[in-house]
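# What the coordinates show
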Amino acid sequence: MKIALYASAAVIALAAFGTNAAFAQSRDTIQVAGSSTVLPFASIVAEEFSAAFPEFNTPVVGSGGTGGGLKQFCEGVGENTIDIANASRKIKDSELEACTAAGVTDVREIQFGFDGIVFASAANGPDFALTPIQVYKAIAAKVVVDGELVDNPYKSWSEIDASLPDQPILMAIPASNHGTREVFQEKVISAGFEEAGAPEGLSEEELEAAETTFRQDVVIEISGDYTETLARLNSDPNTVGVFGLSFYEQNTDTLKVATIDGVTPSKETVAAGEYPVSRPLFFYVKGQHIGTIPGIEEYVQFFLSEQMAGEGGTLEAAGLIPQPAETTAEVLATFEAGAQ
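Structural notes, computed from the coordinates. (Residues numbered from 1 in each chain as written. Predicted model: local features only at pLDDT ≥ 70, side-chain atom pairs only at ≥ 80, totals over all residues. Heavy atoms only, no water.)

### A look at the layout of surface pockets
- Of the pockets and cavities examined, the largest pocket occupies roughly 170 Å³.
- The leading source of residues in the lining of the largest pocket is helix α12 (residues 267-271), at four residues.
- Among the residues forming the lining of the largest pocket, the class breakdown is five nonpolar, no polar and four charged. (1 Å grid on protein atoms, 1.4 Å probe; cavity = no way out; pocket = protein on both sides within 12 Å on 5 of 7 lines; lining within 4 Å. Points joined across faces, edges and corners; volume = space filled by probe spheres on them. Helix = DSSP H or I, 4+ residues; strand = E, 2+ residues; numbered from the N terminus. Nonpolar A, V, L, I, M, F, W, Y, C, P; charged D, E, K, R; others polar.)

### Some points on empty space enclosed by the protein
- A full pass over the atoms with the stated rule returns one cavity of 30 Å³ or more.
- Lining the largest cavity, in full, are Ile173, Pro174, His178, Ile222, Gly224, Asp225, Tyr226, Thr229 and Val242.
- At the level of elements, β9 (171-174) and α10 (226-235) are the ones that each hand at least two residues to the lining of the largest cavity.
- Per-class residue counts for the lining of the largest cavity are five nonpolar, three polar and one charged.

### Considering the state of the cysteines
- Throughout the structure, instances matching the rule amount to one disulfide.
- For cysteine 74, the disulfide goes to cysteine 99, at an S-S distance of 1.9 Å. Handedness of the cysteine 74-cysteine 99 disulfide follows from its S-S torsion of about -70°: it is left-handed. Of this pair, cysteine 74 sits in the loop between α4 (65-73) and β4 (84-87) while cysteine 99 sits in helix α5 (residues 93-101); the two residues are 25 residues apart in sequence, bridging distant segments of the chain. The residues cysteine 74 and cysteine 99 share a single accessibility class, namely buried. (Disulfide = S-S within 2.5 Å. Buried < 20%, exposed > 50% of the residue type's maximum accessible area, 1.4 Å probe, protein only.)

### Focus: the packing of helix α13 (residues 296-303) against helix α16 (residues 325-337)
- Look at α13 against α16: their axes get within 10 Å of each other, and the N-to-C directions meet at 170°. By the angle class used here, α13 and α16 are roughly antiparallel. Contact with α13, carried on its side by Glu297, Val300 and Gln301, involves Leu332, Phe335 and Glu336 of α16 and no other residues of that element.
- Across the contact of α13 with α16, the residue classes tally to three nonpolar, one polar and two charged. (Axes fitted to C-alpha atoms, helices over the stretch in contact; angles between N-to-C directions. Parallel < 35°, antiparallel > 145°, perpendicular 65-115°, else oblique. Contact = heavy atoms within 4.5 Å.)

### Points about the side chain of threonine 259
- When you line up the elements, threonine 259 lands in strand β13 (residues 259-260).
- Other than its neighbours up to four places away in sequence, threonine 259 contacts Phe128, Ala129, Leu130 and Thr264.

### A few points about α10
- Within α10, the full set of buried residues consists of Tyr226, Thr229, Leu230 and Leu233. Within α10, the buried residues cover an arc of 100° as seen down the axis, which keeps them to one side. Projecting away from the buried face of α10 at angles above 90 degrees are the exposed residues Asn234 and Ser235. (Arc of directions from axis to C-beta.)

### Looking at the packing of aromatic side chains
- In the structure shown here, the tally under the stated rule is 20 aromatic pairs.
- Both rings, one in phenylalanine 49 and one in phenylalanine 56, keep their centres 5.8 Å apart while their planes meet at 5°; by these two values the pair is stacked.
- With a relative accessible area of 0%, phenylalanine 49 lands in the buried category.
- We classify phenylalanine 56 as buried; its relative accessible area is 16%.
- On the numbers, 6.0 Å between centres and 50° between planes, the contact of phenylalanine 119 with phenylalanine 184 is tilted. Here the residue phenylalanine 119 occupies a position in strand β5 (residues 106-122), and phenylalanine 184 occupies one in helix α8 (residues 179-196), the gap between them amounting to 65 residues. Each member of the pair, phenylalanine 119 as well as phenylalanine 184, is classed as buried.
- Ring pairing ties together the aromatic residues Phe41, Phe49, Phe53, Phe56, Phe112, Phe283, Tyr299, Phe302 and Phe303, which thus form one cluster.
- The lysine or arginine in question, lysine 286, covers the ring of phenylalanine 73, its NZ or CZ lying 5.0 Å from the ring centre. (Phe/Tyr/Trp six-rings, centres within 6.5 Å; stacked < 30°, edge-to-face > 60°. Lys NZ or Arg CZ within 6 Å of the ring centre and 35° of its normal.)

Written out as structure tokens, the structure reads:
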């Protein structure tokens, strides 16, 4: 799929960077930033791309979270702006509006596979079998007790449900700059809030606060990447952390994963649609930089190639859950068709 709101190429060329030749001479390396979930996949592709296409420089891949990457992406067109934003969620309408306002009017969406969001704890700790309502009750600032919305009284997981470990509640979750946070909120916290129910008579503002406000005493918000979350677990083994499935699978020596609604997260359960907390992965390409920054089109084609993103490809070995080949073919065809 793509999103394209095209302005005059002549206006863009004059306003953003003068001539294509001057722009190309100023920067000849693809710049990528964004999702920490997509970061390891994009880093692998960048290295492999450099080996397969020695005529191009190795793309520079940074992190910063989905929101941070898309913010940089939408700052404008030209050598001082990035070419590609990695994302673990779809771009928002508000972000597209910011792009358009800054002259970024050819935004091409590339979906390349899937990942799960998992809850993991110390490998030598107790097992967790979680449900969305239990996670909500663990970290919400206010919960319903005896029909009343009160400050969260729960200190240990077993106080929420006797089937859970008698372990102090402590969670490390992605901060708001991460796409993972939004999927976590939607598919776990909001689902748990809906199941828990709320007392009648609350205003819309009170309901929203009850759904989205987390405790400060037991919730650690991680603005960095998953290595920071892992460091928190290593420093306090009572911590339950939120990770991408692919990161967890690379750290099974130190982590164990919780089931959600009785389903163990794996490539197989995500691909089959059985594991409830999963999402597609994306990157967004600035179409106006194609033909100006060398190698962008070739990078996208290489990323989506069967050897990289397909079944049995390099990225599957690194933890990516491949999407159907037919989907990838459609994505690539739409990208190559360009803005219309």
